Number of protein chains: 2
Amino acid sequence: MAPHSDELEQARNAYISSLSETMEMYGLSPSMGRLFGIMFFHDEPMTLDDMRSLTGMSKTSMSTGIRTLSQLKLVHKKWQKGVRKDLYVAEHDQFRSFLDFFAHLWEKEIQINQKPLLETEIRLQENLKQQNCSEEEQIQIKRDLEKLYNAKQYYAWLGELVEKFKSGDIFNYVPVNEDDL
Amino acid sequence: MAPHSDELEQARNAYISSLSETMEMYGLSPSMGRLFGIMFFHDEPMTLDDMRSLTGMSKTSMSTGIRTLSQLKLVHKKWQKGVRKDLYVAEHDQFRSFLDFFAHLWEKEIQINQKPLLETEIRLQENLKQQNCSEEEQIQIKRDLEKLYNAKQYYAWLGELVEKFKSGDIFNYVPVNEDDL
DNA sequence: TAGTTCATACAGAAAAAACTGTACAAACTG
DNA sequence: CAGTTTGTACAGTTTTTTCTGTATGAACTA
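Residues numbered from 1 in each chain as written. Chains lettered and ligands numbered in written order. Predicted model: local features only at pLDDT ≥ 70, side-chain atom pairs only at ≥ 80, totals over all residues. Heavy atoms only, no water.

Undergrad: Teacher, can you tell me more about the overall build of chain A here?
TA: In terms of regular secondary structure, chain A is built from seven helices and two strands. What you see in chain A, going N to C, is helices and strands ordered as α-α-α-α-β-β-α-α-α. On C-alpha atoms alone, chain A measures out to a radius of gyration of 24 Å, which is more than a quarter above the 16 Å that the 2.2 N^0.38 rule sets for 181 residues. Expressed along its principal axes, the backbone C-alpha trace of chain A runs to roughly 80 × 45 × 35 Å. When the 181 residues of chain A are sorted by exposure, 45% land in the buried category. Taking the contacts inside chain A whose residues are at least 6 apart along the sequence as the reference set, 57% of them involve residues at least 24 apart. Looking at chain A as shown, the accessible area adds up to about 9,600 Å², and 47% of this sits on carbon and sulfur atoms. On chain A, the mean spot of the 22 positive side-chain charges and the mean spot of the 29 negative ones are 8 Å from each other. (Helix = DSSP H or I, 4+ residues; strand = E, 2+ residues; numbered from the N terminus. Rg over C-alpha atoms; globule rule 2.2 N^0.38 Å. Buried < 20%, exposed > 50% of the residue type's maximum accessible area, 1.4 Å probe, protein only. Contact = heavy atoms within 4.5 Å. Areas by Shrake-Rupley, 256 points an atom, 1.4 Å probe, with all protein chains shown as cover. Lys, Arg positive; Asp, Glu negative; His and termini not counted. Charge placed at Lys NZ, Arg CZ, Asp CG, Glu CD.)

Printed below as a string of structure tokens:
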């Protein structure tokens, strides 16, 4: 790791803080956001002890933090010959991080709702067939079933969107602008 | 509001819970998720007192909760002649909720990072021009600037994506499947 | 105007999350 | 094999968030 001046570190700091704030918005703890921000500017693979000294936090926190970041594919484990400690590097491709993160989030959303949606649907349909189901109740249940039908359409659509994200096809529709900014 | 049986309420409950879990994933508190879930099946506009009795929580919580949901456009205030209490209905179009929610989130991400990114960039460029800047430091700074350039591209792209979401153009690329499910 | 109904600001209590230090297990070293 | 080094599980502490009850002010009513 290149030794660099305080001034350089301070310069980085503005963007590190805003990266951290962004990640906080997405549900990570501020400290983990900050850890990622630091790693983002750190080209060489880092050990838990490196992180500890740069964040000023405990090694335990680094251990759990790096696991969270790994699960989100925001950092990657890197092996290096002759080094016993685990090494990690930040994912530098923000497009990839973005696509991975939201594809994963949305898949989870679909998965969470799938079964309960069907369960509710079936139970409502059973209720609809009951003898003692009043006219008014029938109307209500039909309205509910309509909502669930729309929900199904939504999850199906969301699944399609996830596929476009995972495959990178989304870039065909929203291309990356290569011009100067 | 139609009076409906416990059985009907139980049937709804499975999906209400999973909706709540989803919203928890997106940063809302479980109670607010549950409130939305209840409102989702509630066709008639609700008052804070209706919510209080259905969630079993305090009116204060309903007041603050509904504000959060309103800001996210997940519920809407509805005026009704002769009714003094504020009335609210859930947004039933999940496509709209989804697009609004993420467009807003991503706009906030762009906005959060814009200024700090530029600040870091400027400070790095100033450092680069310093007399006492070593060869090694120069290389490091250039690597940093490269990262910031990529970040700018990313935010520009994200802005484009937000536009497709807000305008609904995204449906031209990922159409809603109208077939039976 | 006085009385009532409503929504929300605020302060404190309860619950949840984040963080740390200790302890231990697994993987290395000589 | 005994001695290190390294990563993580766990329990306890601190911090943050969520929720409630009281108090207040705004909007309506007569």
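Moving on from the coordinates now.
Undergrad: How do you make sense of the protein's contact with DNA strand D when you look at a structure like this?
TA: By nearness alone, 15 residues border DNA strand D, and S63, K85 and D86 of chain A together with S31 and S61 of chain B come closest of all. Within 4 Å of the protein, the contacting atoms of DNA strand D are 77% sugar and phosphate, with bases supplying the remainder. Contact between DNA strand D and R67 of chain A: a phosphate oxygen at 3.2 Å from a side-chain N or O atom of the residue. One of the side-chain nitrogen or oxygen atoms of S58 of chain B is found 3.0 Å away from a phosphate oxygen of DNA strand D. Where the surface near DNA strand D is concerned, the elements lending two or more residues are α4 (59–71) of chain A together with α4 (59–71) of chain B. For the surface near DNA strand D, the element with the highest residue contribution is α4 of chain A, accounting for four residues. (Near = heavy atom within 4 Å. Polar contact = N/O pair within 3.5 Å; in protein donor to acceptor, adjacent residues only side chain to side chain.)

Undergrad: Please clarify how the nonpolar core should be interpreted in this entry.
TA: As a rule of thumb, soluble globular proteins bury nonpolar side chains together. Of all hydrophobic cores here, the largest spans 104 residues; its most connected members are W106 of chain A together with W106 of chain B. Look past the residues within four positions of W106 of chain A in its chain and what remains in contact with it is L158, L161, V162 and F165 of chain A together with Y26, F98, F102 and W106 of chain B. (Core = buried A, V, L, I, M, F, W, Y, C linked by side-chain atoms within 4.5 Å.)

Undergrad: Please explain the environment of E9 of chain A as it appears in this structure.
TA: Residue and element names in this part refer to chain A. For E9, the position within the fold is in helix α1 (residues 6–25). Residue class for E9 comes out partly exposed when judged on its relative accessible area of 39%. Sequence-wise, E9 and V89 are 80 residues apart; in three dimensions their C-alpha atoms are separated by 18 Å.

Undergrad: I would appreciate a short explanation of the interface of chain A and chain B in the present structure.
TA: How big an interface is tends to be stated in terms of the accessible area lost upon association of its parts. Listed by partner, the interface residues are 74 residues for chain A and 74 residues for chain B. Buried area between chain A and chain B, both sides added, is near 6,700 Å², and the carbon and sulfur share of it is 64%. Linking chain A to chain B there are eight salt bridges. The partner of R143 of chain B in a salt bridge is D43 of chain A, and the shortest N-O contact between them spans 3.0 Å. There are 35 residue pairs in polar contact (both at pLDDT 80 or more) connecting chain A and chain B. Every element with two or more residues in the side of chain A that touches chain B is listed here: α1, α5 (94–129), α6 (135–167) and α7 (170–173) of chain A. The element contributing the most residues to the side of chain A that touches chain B is α6 of chain A, with 21 residues. (Buried area = accessible area lost by both parts, 1.4 Å probe. Salt bridge = Lys/Arg side-chain N within 4 Å of Asp/Glu carboxyl O.)

Undergrad: Quick question: what am I supposed to make of the domain arrangement of chain A here?
TA: All names here are of chain A. Domain boundaries assigned for chain A yield domain 1 (6–90) and domain 2 (94–173). The straight-line distance from the C-alpha centre of domain 1 to that of domain 2 is 36 Å. Listed as interface residues are seven residues of domain 1 and, on the opposing side, five residues of domain 2. The contact between domain 1 and domain 2 buries some 560 Å² in all, and 65% of this surface belongs to carbon and sulfur atoms. Among the residues of domain 1 in contact with domain 2, Y26, L72 and K73 are the three that bury the most area, contributing 60% of the side total. Remark: the boundary between domain 1 and domain 2 carries zero salt bridges. Our count for the contact surface shared by domain 1 and domain 2 stands at zero residue pairs in polar contact (both at pLDDT 80 or more). Its residues assigned to classes, the side of domain 1 that touches domain 2 comprises six nonpolar, no polar and one charged. (Domains from an automatic or database assignment. Nonpolar A, V, L, I, M, F, W, Y, C, P; charged D, E, K, R; others polar.)

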